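The residues making up each chain are set out below.
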Amino acid sequence: MLERTPQQFRELKEITIKSDTRDILSHATRQAESFEDYFLVDIDAHVTETQFWNEILACIDNEVIRAMGMGQQLRPGQGSTALLNTVTGMSYQHVYGRIPHQAALDEPVEDTGVHHFTTLARRAMDALGLDYQIVFPTPMLTLGMHPQEDIEAALAGGYNRWLTERILPEDDRLKGLVYLPFNTPEACVELVEKYAGDRNVIGFTVTSTRNKPVHHNAYMRLYSMIEETGKPFAFHSGFHWGDPSFLQLNRFISMHSIAFVHWSLIHMTNWIINGLPERFPKLKLIWVESGLAWIPFLMQRLDHEYQMRTCEAPQLKRLPSEYMRDMFYTSQPLEKTNLKLLQSTMEAFNAQTQLLFASDWPHWDFDTPASVTSLPFLDAAAKRNILGLNAARLFNLEVKRRRPRAKDVLASRPGIS
Amino acid sequence: MQELNIGPAADFTDPGRRIVECDGIEVGVFKLDGAFYAYGNICPHMGGPACQGRIIAKVDEDIAPDRTSRGFVFSKTQLNVICPWHGYEFDIRTGRHSGNSKMRLLPVRVRVSEQGDVIVALPPEIRRGIADAGMGVPPRPSPPAA
């Protein structure tokens, strides 16, 4: 008989939107104990910028658009999405409340010495075992579909200013890519000029969800300027219900499965077939958040077609797949239900040198670093490259441990009653 | 294997749940229709705290005799616990994933003592399963003692 004794155990609570990030991710911290000696860089994490939207609106240069945004904020129930084209009623990512951290990180934050977001980011970096984290926006990922180009440009300017002046200087582990309002090429050029020398800005990004052909002549000056900075240029994928192609899809699972890949397929195809790798041979390109399975498909498809229709892509000197193999890709969401396919996929684009770990935290389909360390077909050198050393080379980051030990993070987490 | 007395069965609501942690071993104990079930608090997907998620009935689709859809309905018989990391849903009665029966939570022995207390086992492989990111389902058995 097992006697009732003084409590020998601790009770764990249900995870909710109020849970502390370190409690939500405590199992990831346990996993991180096994790769303490790895250098770890997360290429794609997110700020939910609408949580701080008033601060960003206040950073808009144009006084009229800034006032428009502030005015929109006054309307009850509309407070956090002024000027944005997101459809908040259709933000289904959290699976209708099943994944609380995607719905909100509404945890207590006592530290008032730094920005609220900086505290949340530090908690996530520590819990996941990251030395650096690169931050992208969230609702702004669909801004490329905004019908008002001047609004996209104004919000881009406000967000970039907020990120570079308010957030990034607070913690050297946080880095950012400047959002380029791609629907207005001249505004992109101005932003590259403005931020090329900012040490916390380690690249430039375009959100892929938009119907703008990347090969248009209007963008050539922009690409030249980014190439000259030596900093990478990233396409971050996404989705939007308003695109006619997707109006047939009646479930978010269908939209999310296809749309992220769709935009990468379109932009990559235009990029290669129009010979941009030959025109900008030193421009370092990153494809963010489409998973990996699309890469070998497009490599084979374009190689197959190119050899029959070479006259339509006269600038190419190599097979399309060879250009794709020179580019960089982020790992999340890592499709791993079939490890043989994943292994072939990684071999196809030489993941050992071209793949960059991404968590996508705090989004609903985030990956932990263990998504890479647990792959049985990768050797230790490949894992170390993918989890941090490839990123260090690409972004010129100092390879230096910056995170606390996992056991110390576990010991300091608050949520065990 | 170590066992733990987590207190009176009468303290559980029905449906109800408690998640306990002892020496790095985390176990979720559920009560449903008067019966107790227990599982390791490890999602076989990526090692998330599967037992700490929301409890929601399985979603079904009502298909009419003419094969047209009448839309979504909640199951009257299956209640799921949902991993808060990525939404993997597991039947509380079986521990099996709602859409992939090959995937399941690690079952843990649980009983009610003659004194009316809930006694749950603490399989040591749960500790390693958390650290291994849930890889290998169920977690690999412990190596034989030296």
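Nothing here was measured: the structure is a model prediction, and the numbers come from that model.

Conventions used here
Residues numbered from 1 in each chain as written. Chains lettered and ligands numbered in written order. Predicted model: local features only at pLDDT ≥ 70, side-chain atom pairs only at ≥ 80, totals over all residues. Helix = DSSP H or I, 4+ residues; strand = E, 2+ residues; numbered from the N terminus. Buried ≥ 20, exposed ≤ 12 C-beta atoms within 10 Å, placed from the backbone. Core = buried A, V, L, I, M, F, W, Y, C linked by C-beta atoms within 7 Å. Contact = placed C-beta atoms within 7 Å. Nonpolar A, V, L, I, M, F, W, Y, C, P; charged D, E, K, R; others polar. Pairing = 2+ DSSP bridges. Axes fitted to C-alpha atoms, helices over the stretch in contact; angles between N-to-C directions. Parallel < 35°, antiparallel > 145°, perpendicular 65-115°, else oblique. Left-handed = near helix turned anticlockwise from the far one by under 90°. pLDDT = per-residue confidence, 0-100. Expected span 1.5 Å × (residues − 1).

Draft legend 1. Region of interest: the overall build of chain B. A count of helices and strands for chain B gives 1 helix and 9 strands. From first element to last, N terminus to C terminus, chain B shows the α and β order β-β-β-β-β-β-β-β-β-α. By its C-alpha atoms, chain B is 60 × 35 × 20 Å across when sized along the principal axes. A buried classification covers 45% of the 146 residues belonging to chain B.

Draft legend 2. Broad picture of the nonpolar core. Grouped together as the largest cluster of nonpolar side chains are 105 residues, with contacts concentrated most on A124, L128 and L180 of chain A. With 9 residues, helix α7 (residues 149-167) of chain A is the single largest residue contributor to this core. Once residues lying within four places of it in the same chain are set aside, the contact partners of L128 of chain A are L25, A28, A32, D42, S359, W361, T368 and P369 of chain A. Listed in part, the 38 residues of the second largest apolar core include I6, V27, L106 and I126 of chain B.

Draft legend 3. Spotlight on the interface of chain B and chain A. Facing 30 residues of chain B, the contacting portion of chain A comprises 30 residues. For the side of chain B that touches chain A, the elements supplying multiple residues, two or more each, are β1 (3-8), β2 (16-22), β9 (117-121) and α1 (125-131) of chain B. Of the residues that constitute the side of chain B that touches chain A, the class distribution is 15 nonpolar, 9 polar and 6 charged. Two elements, strand β1 (residues 10-12) of chain A and β2 of chain B, share 3 bridges in a ladder whose sense is antiparallel.

Draft legend 4. Fine view of unusual backbone geometry. Note that the residue after Q332 of chain A, namely P333 of chain A, is joined by a cis bond; omega there is -10 degrees. The omega torsion across D14 of chain B and P15 of chain B is 0 degrees, close enough to zero to call that bond cis. Looking at where P15 of chain B falls in the secondary structure, it is placed in the loop between β1 and β2. With phi around 55 degrees, N350 of chain A is a residue other than glycine that occupies positive phi space. What makes N350 of chain A exposed here is the crowd of 11 C-beta atoms within 10 Å. The backbone of R67 of chain B shows a phi angle near 75 degrees, a positive value even though the residue is not glycine. Within the secondary structure, R67 of chain B sits in the loop between β5 (55-63) and β6 (69-82). C-beta crowding within 10 Å serves as the criterion here: with 6 such atoms nearby, R67 of chain B is assigned to the exposed category.

Draft legend 5. Representation of the environment of N41 of chain B within the structure. Residues and elements named next belong to chain B. Among the structural elements, N41 can be located in the loop between β4 (35-40) and β5. Taking the C-alpha atoms as reference points, N41 and E3, 38 residues apart in sequence, are found 16 Å from one another. With residues up to four places along the chain from it excluded, the contact list for N41 reads I19, E26, V27, G28, P49, A50, C51 and Q52.

Draft legend 6. Inspection of the packing of helix α8 (residues 185-195) of chain A against helix α9 (residues 220-229) of chain A at higher detail. Residues and elements named next belong to chain A. Here α8 crosses α9 at 15 degrees, and the two axes come no closer than 9 Å. Here α9 runs roughly parallel to α8, going by the angle between their axes. In this structure, the crossing between α8 and α9 has a hand that is left-handed. Residue-level inspection shows P185, C188, V189 and V192 of α8 in contact with α9, the latter providing R221, L222, M225, I226 and T229. Looking at the contact of α8 with α9 residue by residue, the classes come out as 7 nonpolar, 1 polar and 1 charged.

Draft legend 7. Structural context of the environment of P49 of chain B. Along the chain, P49 of chain B falls in the loop between β4 and β5. Sequence-wise, P49 of chain B and I126 of chain B are 77 residues apart; in three dimensions their C-alpha atoms are separated by 11 Å.

Draft legend 8. Summary view of the pairing of strand β6 (residues 233-236) of chain A. Residues and elements named next belong to chain A. Going residue by residue along β6, you find F233 and F235 tucked away on one face and A234 and H236 tucked away on the opposite face as well. In this structure, β6 lies alongside strand β7 (residues 285-288), joined through 4 bridges in parallel fashion. Across the sheet, the residue bridging to A234 is I286, located in β7.

Draft legend 9. Examining the environment of L222 of chain A more closely. All names here are of chain A. Checked against the element boundaries, L222 lands in helix α9. Judged by C-beta crowding, with 21 C-beta atoms within 10 Å, L222 ranks as buried. Note: C-alpha distance between L222 and V189 (33 residues apart in sequence) is 5.4 Å.

Draft legend 10. Spotlight on the sheet that holds β5 of chain B. Residue and element names in this part refer to chain B. With antiparallel pairing, 3 strands are arranged side by side in an open sheet as β5-β6-β7. Each end of this open sheet is capped by a strand with a single partner; those strands are β5 and β7 (89-91). Across the sheet, the mean angle separating the axes of adjacent strands is 50 degrees when strand polarity is ignored. Where β5 lies against β6, 7 bridges are found, and the strand directions are antiparallel. When the bridges of β6 are listed, V59 appears paired with F74.

Draft legend 11. Region of interest: the sheet that holds β1 of chain A. Strand order in the open sheet formed by 4 strands is β1(A)-β2(B)-β3(B)-β4(B), and the pairing between neighbours is antiparallel. Every other strand in the sheet has two partners, leaving β1 of chain A together with β4 of chain B as the edge strands with one partner each. When strand polarity is set aside, the average angle formed by the axes of neighbouring strands in this sheet is 30 degrees.

Draft legend 12. Quick peek at the confidence of the model for chain B. Residues and elements named next belong to chain B. Predicted confidence across chain B gives a mean pLDDT of 92, with 91% of residues reaching 70 or more. Of the regions scoring below 50 in pLDDT, residues 136-146 engages in 15 contacts with residues more than four places distant in sequence or in other chains. Scored as a whole, the predicted complex attains pTM 0.95, and scored at its interfaces, ipTM 0.95.

Draft legend 13. Summary view of helix α12 (residues 294-306) of chain A. For α12 of chain A, spanning 13 residues, the distance from its first C-alpha to its last is 18 Å, which sits close to the expected 18 Å at 1.5 Å a residue. Elements in contact with the buried residues of α12 of chain A: α10 (252-273), α13 (320-324), β8 (328-330) and α14 (339-348) of chain A.

Draft legend 14. Examining the packing of α12 of chain A against α14 of chain A more closely. Residue and element names in this part refer to chain A. For the pair α12 and α14, the least separation of the axes is 8 Å and the interaxial angle reads 55 degrees. By the angle between their directions, the pair α12 and α14 is classed as oblique. In this structure, α12 crosses over α14, and the sense of that crossing is left-handed. Contacts between α12 and α14 involve I295, P296 and M299 from the first element and S344, T345 and A348 from the second.

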